[in-house]
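The lines below spell out each chain.
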Amino acid sequence: MKYASSKSVSILFSLLVLANLGYLIFPSIYYFGSDYSYELIANYSRDNIRILLMVNFLISMTVVLLSKININNNMIHLILILSILNAIIYWYQGGEYGLFQVIAIPFSYMALFYVFPQYKLNDKLLSTILWIIVIWSIYPVVYIIIFPSDYISSLFMDTLGLKTFRGFAQHRNVYGFYAGIAIILLFVKYGNTRTFLKYILLLPLTVGLILSESRSSILATISVLSYRFITTRGFKPSSILIGVISMIAAFVSLQYYLAMYSVRDFGFGGYDRLSLWSQAIRQNSQYWVFGKGPGSNVVNTFHVDMTSHNFILQTLFDYGIFVSAFFFMLLVKVWQNAKKEYKYFLLYILIIGLFQPYFSYGVPIYFTLTTILIGLVAGSKTSNTKTKIGIY
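Note that the structure is a prediction, hence the values are computed from the model and not measured.

Trainee: In this structure, what is going on with the packing of helix α5 (residues 123–146) against helix α14 (residues 366–379)? I would like to understand it.
Mentor: Two packed helices can be described by the angle between their axes and the distance between those axes. Put simply, α5 and α14 touch, their axes get as near as 9 Å, and they point 135° apart. In terms of orientation, α5 lies oblique with respect to α14. As for how α5 packs across α14, the hand of that crossing is left-handed. Together, Leu125, Leu126, Ile129 and Ile133 of α5 and Ile374, Val377 and Ala378 of α14 make up the contact between the two elements.

This is the structure in structure tokens:
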């Protein structure tokens, strides 16, 4: 069998990145100037998400089939065990959630966690990703400042009858998610250099992130930047102290801001999430062994069915304790193998996943894929691997 060359992997990796970023930014280009309503973007997402999932699966499967897989690798062992357990749970639950999950998960995880990390990504790809996300995040912030008009209303969304900033995204939390990634990317790209461009871009990105009032994204961004400050200084006691104090000061300042000016009428109060999680545990105690099925609405609150908004609980109630245990072991292994910059983005998606339904075990959606792929590109800046892939 002829294995994939670095150039073929390069093309497939770049297609995977651009497909998932394209899914995010396409509506803002196609529907620009029209009524950029929540319903319009919701319909776009619903109509195209399956196409994106199939594209992601086909690319991942091609990468794996064309790559040399070491069956004795611990990462491969964990992925194979997960795949077998997933197939058993699929059979036990009566095949209700579709065969696609069973087939797609092992290929997706092998590509993300085994094949791609073996390559050193071209730095041009990091710059391309950075500018795509930065422009997408900043443009609506600049637009509402320069062109105050009726169109501004479509850049905000109703939350409890009030308006919160969502930019070109479907939801304010989606905008906050990518604005946070853009901020972290700026620090990864430019490091600790006091680049004028970095600070010029940070200002509107920070404004957009705060206006979105996405508490999970704000929390994750501050936590990652604090973790970066500590790690770049070698976990010295003084660095840890400064990092923790800075993180607390940022939380307190934002808590004050949101308490005083929030249009949502609450700040970083965790009662809503704690209440949601406690209800999820009470209402789904019978599913913790074998699960209920992926993507299940496990909570009924205020007569509305929803997910638990916590990847630990959601994985447990979707797939049961056995799949969950090996999935968490896989995450630990991925963290151990990750380069320093890659860990920033892993930490980001894990924190987000504790509060939002953007990360869980299963076929990776575009939130998870873009974050991990960006982390792989960023982490390869310090990689010793000589084989390069990326945009040539």
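Trainee: Help me out: how do you make sense of the pattern of salt bridges in this one?
Mentor: Here the idea is simple: oppositely charged side chains can pair when their charged atoms come close. Tallied over the entire structure, the rule returns 1 salt bridge. The closest approach of N and O atoms between Asp47 and Arg46, which form a salt bridge, is 3.9 Å.

Trainee: I would appreciate a short explanation of the packing of aromatic side chains in the present structure.
Mentor: What describes a pair of aromatic rings is the distance from one ring centre to the other and the angle between the planes of the rings. Under the definition given, this model contains 29 aromatic pairs. Both rings, one in Tyr366 and one in Phe367, keep their centres 4.4 Å apart while their planes meet at 25°; by these two values the pair is stacked. Relative accessible area serves as the criterion here: at 5%, Phe367 is assigned to the buried category. Linked through ring pairs, Tyr23, Trp136, Phe165, Tyr175, Phe177, Tyr178, Tyr348, Tyr358, Tyr366 and Phe367 together constitute an aromatic cluster.

Trainee: When you look at helix α3 (residues 74–92) in this model, what are you seeing that I'm missing?
Mentor: Count 3.6 residues to each turn of an α-helix, and residues three or four apart come out pointing the same way. For α3, with 19 residues, the first-to-last C-alpha span of 27 Å sits near the 27 Å given by 1.5 Å per residue. Within the span of α3, buried status applies to Met75, Ile76, Leu78, Ile79, Leu82, Ser83, Leu85, Asn86, Ile89 and Tyr90. Check the buried side of α3 and you find it contacts α4 (99–115), α11 (311–319) and α12 (321–337). N-cap assignment for α3: the residue whose side-chain oxygen lies 2.7 Å from the backbone N of Met75 is Asn73. Gly94 sits one or two positions beyond α3 and adopts a positive phi of about 85°.

Trainee: What exactly am I supposed to notice about the packing of α5 against helix α6 (residues 172–190) here?
Mentor: Closest axis-to-axis distance for the α5/α6 pair is 9 Å, and the angle between their directions is 135°. It follows that α5 is oblique to α6 by the angle criterion. Of the two elements, α5 crosses α6, and the hand of that crossing is left-handed. Contacts between α5 and α6 involve Asp123, Leu126, Ser127, Ile129, Leu130, Trp131, Ile133, Val134, Trp136, Ser137, Pro140 and Val141 from the former and Tyr175, Tyr178, Ala179, Ile181, Ala182, Leu185, Leu186, Lys189 and Tyr190 from the latter. Across the contact of α5 with α6, the residue classes break down as 17 nonpolar, 2 polar and 2 charged.

The rules we used
Residue positions are counted from 1 within each chain, in the order its sequence is given. Reporting in this predicted model follows two pLDDT cut-offs: at least 70 for local features of residues, and 80 or more for side-chain atom pairs to be given and counted; totals over whole chains, interfaces and linings ignore these cut-offs and use all residues. Only hydrogens and water are set aside when side-chain values are computed; all heavy atoms of the structure are taken into account. Axis lines are fitted to C-alpha atoms, over the contacting stretch for helices. Their N-to-C directions set the angle, which ranges from 0 to 180 degrees. Only DSSP runs of H or I reaching four residues or more are called helices, and only runs of E reaching two or more are called strands; each is numbered from the N terminus. Roughly parallel covers angles under 35 degrees, roughly antiparallel covers those over 145, roughly perpendicular covers 65 to 115, and oblique covers all other angles. It is the rotation of the near helix from the far one that decides the hand of a crossing: anticlockwise by less than a right angle makes it left-handed, clockwise makes it right-handed. It only takes one pair of heavy atoms within 4.5 Å for two residues to be counted as in contact. Whenever Lys or Arg places a side-chain nitrogen within 4 Å of a carboxyl oxygen from Asp or Glu, that contact is recorded as a salt bridge. Stacked, tilted and edge-to-face are the three classes assigned to paired rings of Phe, Tyr and Trp, where Trp is represented by its six-membered ring and a pair needs centres within 6.5 Å; plane angles under 30 degrees give stacked, over 60 edge-to-face, the rest tilted. Under the scheme applied here, a residue whose accessible area is under 20% of the maximum for its type counts as buried, over 50% as exposed, and between as partly exposed, the area being computed with a 1.4 Å probe on protein chains only. A helix's residues, less one, multiplied by 1.5 Å, set its expected span. Here a polar contact is recorded for every N or O atom pair within 3.5 Å, except that within protein the pair must consist of a potential hydrogen donor and a potential acceptor, and residues adjacent in sequence are included only if both atoms are side-chain atoms. Amino acids are sorted into nonpolar (Ala, Val, Leu, Ile, Met, Phe, Trp, Tyr, Cys and Pro), charged (Asp, Glu, Lys and Arg) and polar (every other residue, Gly among them).

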